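These are the residues of each chain, in order.
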Amino acid sequence: MPHPDDALPDPSFEHTRSLFQLPEGVVYLDGNSLGALPAAVPAAIADVVSRQWGESLIAGWNDHQWIKLPTVVGERIASLVGAAPGQLICCDSISVNLFKLLATALQLRPGRSVILSEVGNFPTDLYIAEGLQALLGGERCELRQVTAQELPDALTEDVAVLMLTEVNFRSGARHDMAALTQAAHRVGALALWDLAHSAGALDVQLDACKVDMAVGCGYKFLHGGPGAPAFLYLAQRHHDQVAQPLCGWLGHAAPFGFENSYRPAAGIHCYLSGTPSILGMKAMEAALDVFHTLSMRDVERRTASLTQSFISALTALPQSREFTVVTPAIAAQRGSQVSIRHPQAYAITQALIAQQIIPDFRAPDILRFGIAPLYTREEELQRAAQALAAILESGQYRQPRFQQRKEVT
Ligand SMILES: *Cc1c(COP(=O)(O)O)cnc(C)c1O
């Protein structure tokens, strides 16, 4: 039986939008930083707290299958990023998962020490590699950063792993995952992709691109809520050869055998470390229902069409000479955000927020409009473009109240 929702395609995504709880009058263009709340989440959280925790107490681990959530939720994410079963789990943060996978990468490529990445990659990705370098010493682990243009030439025989974020958090530029993974493989290196700005917005194909490792974020386009657990992918072909250094008890072959020494669990499960956050995982599980009946090809098409129409609206503004659109004009080369550069980007962001239009600012001079394909409406983007025009025209962003920096931008 087809699901009733399958019957008609929904090109405007109005049905999908109705699955979210968005505040009246707000144009929310920051889903690339924190996804909006799926309407099913509050009841799911209330149920896990009051009924499952409150009534089942410790039995919840078995009776409500809490212990299986990293795998169960992981498989649901796997289906959104082109990963066959058994290769992806939901756990920890991107930072922690990167540490585990980078250590594995160095172990899989003995004799090679370089983690190759891109200048301007997301800071935590670079910091974690720096931390591993400090721990292991420069002989065994060296972070090398080059520009995107220099990447092909920088893939040399000493590179153990190419670590890239598919969509750049500042510019919104998207790498060619298939081509760069292939280039890494040609020199015998592994490819590790960060999907923080891809999962849930783009049609990612991890298996088809022959990616070795990936990490991704739960709280951006997957809508899992503030601090939602992240995910980790390791291709099946590596499973029998690997170990990881955060070998906690839940990644043990028999956690409740309470043995004195570590024995890794089979497959992807050895990447579990400690006890998962059940409240976070339950919110994530309920949130992922918004993808039910959607094909990621259609979601990516929606992303491309919304970002295109916003870029067109911005470049058509009489004030467009005052800023630069830094996001690529070609759809295949961008993710689900449109960024502009302006020396007063912070103050302009604050002036937009004062009008209930919510983008965000990324230092030093980038104003980002995150365009979540599942709930952003065409007319909201037009309203945002018009508001930007009015703010630039009037110069109201120069008011002192818009210049005060907050702790979280
Ligand atoms: C948001 C984001 C992260 C977040 O990392 P956490 O450790 O989960 O907080 C990491 N990498 C990129 C590219 C991001 O955009």
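Notes on the structure in this doc start here.

## Looking at the sheet that holds strand β11 (residues 324-325)
Here is step 1: Taken in spatial order, the four strands line up as β11-β12-β15-β14 in an open sheet, and their pairing is antiparallel. For this open sheet the edge positions go to β11 and β14 (360-362), each flanked by a neighbour on one side alone.
Here is step 2: Sheet analysis places strand β12 (residues 337-341) next to strand β15 (residues 366-370), joined by five bridges and oriented antiparallel. Within the sheet, the bridge partner assigned to Arg 341 lies in β15 and is Ile 366.
Here is step 3: Relative to β12, helix α10 (residues 296-315) is tilted by about 25°, and along the sheet it contacts β11, β12 and β15.

## Points about the site of the ligand
Here is step 1: All residues adjacent to the ligand are Ser 93, Ile 94, Ser 95, Phe 122, Thr 124, Asp 125, Thr 165, Asp 194, Ala 196, His 197, Tyr 219 and Lys 220.
Here is step 2: Note that an oxygen atom of the ligand is positioned 2.5 Å from one of the side-chain N or O atoms of Lys 220.
Here is step 3: Considering the ligand on its own, with 390 Å² of exposed area, one finds that the protein chains cover 88% of that surface.

## Observations regarding the pairing of strand β5 (residues 114-118)
Here is step 1: Within β5, five of the five residues are buried, which leaves the element mostly enclosed by the surrounding structure.
Here is step 2: Side-chain alternation along β5 places Val 114, Leu 116 and Glu 118 on one buried face and Ile 115 and Ser 117 on a second face that is also buried.
Here is step 3: Viewed along the sheet, the connection from β5 through helix α6 (residues 123-136) into strand β6 (residues 142-146) turns out right-handed.

## Considering the nonpolar core
Here is step 1: Judged by nonpolar contacts, the single largest core of 60 residues is most densely connected at Ile 77, Leu 116, Leu 195, Leu 206 and Leu 222.
Here is step 2: Ile 115, Val 215, Cys 217 and Ala 230 belong to the second-largest nonpolar core, a separate cluster that totals 35 residues.

## Description of the pattern of salt bridges
Here is step 1: Going through the model one piece at a time under the given rule, you end up with 17 salt bridges.
Here is step 2: The shortest N-O distance in the salt bridge between Arg 76 and Asp 289 comes to 2.7 Å. With Arg 76 in helix α4 (residues 69-78) and Asp 289 in the loop between α9 (278-287) and α10, the pair connects residues that are 213 residues apart, well separated along the chain.
Here is step 3: Residue Arg 76 is classed as partly exposed on the basis of its relative accessible area of 28%.
Here is step 4: A relative accessible area of 42% places Asp 289 in the partly exposed class.
Here is step 5: Among the ionic pairs, Asp 365 bridges to Arg 341, the shortest N-O distance being 3.3 Å. Taken together, the residues Asp 365 in the loop between β14 and β15 and Arg 341 in strand β12 connect sequence positions 24 residues apart.
Here is step 6: When salt bridges with common partners are traced through the structure, they connect Glu 142, Arg 144 and Asp 158 into a single cluster.

## Topic: unusual backbone geometry
Here is step 1: Backbone torsion omega between Ala 363 and Pro 364 reads 5°, so that peptide bond is classified as cis.
Here is step 2: Examined against the element boundaries, Pro 364 turns out to sit in the loop between β14 and β15.
Here is step 3: Within the chain, Leu 57 stands out as a residue other than glycine whose phi angle is a positive 50°.
Here is step 4: Within the secondary structure layout, Leu 57 lies in the loop between α2 (41-56) and α3 (60-63).

Rules and cut-offs
- Residues numbered from 1 in each chain as written.
- Predicted model: local features only at pLDDT ≥ 70, side-chain atom pairs only at ≥ 80, totals over all residues.
- Heavy atoms only, no water.
- Pairing = 2+ DSSP bridges.
- Helix = DSSP H or I, 4+ residues; strand = E, 2+ residues; numbered from the N terminus.
- Contact = heavy atoms within 4.5 Å.
- Axes fitted to C-alpha atoms, helices over the stretch in contact; angles between N-to-C directions.
- Near = heavy atom within 4 Å.
- Polar contact = N/O pair within 3.5 Å; in protein donor to acceptor, adjacent residues only side chain to side chain.
- Areas by Shrake-Rupley, 256 points an atom, 1.4 Å probe, with all protein chains shown as cover.
- Buried < 20%, exposed > 50% of the residue type's maximum accessible area, 1.4 Å probe, protein only.
- Right-handed = clockwise from strand over helix to strand, strands pointing away.
- Core = buried A, V, L, I, M, F, W, Y, C linked by side-chain atoms within 4.5 Å.
- Salt bridge = Lys/Arg side-chain N within 4 Å of Asp/Glu carboxyl O.

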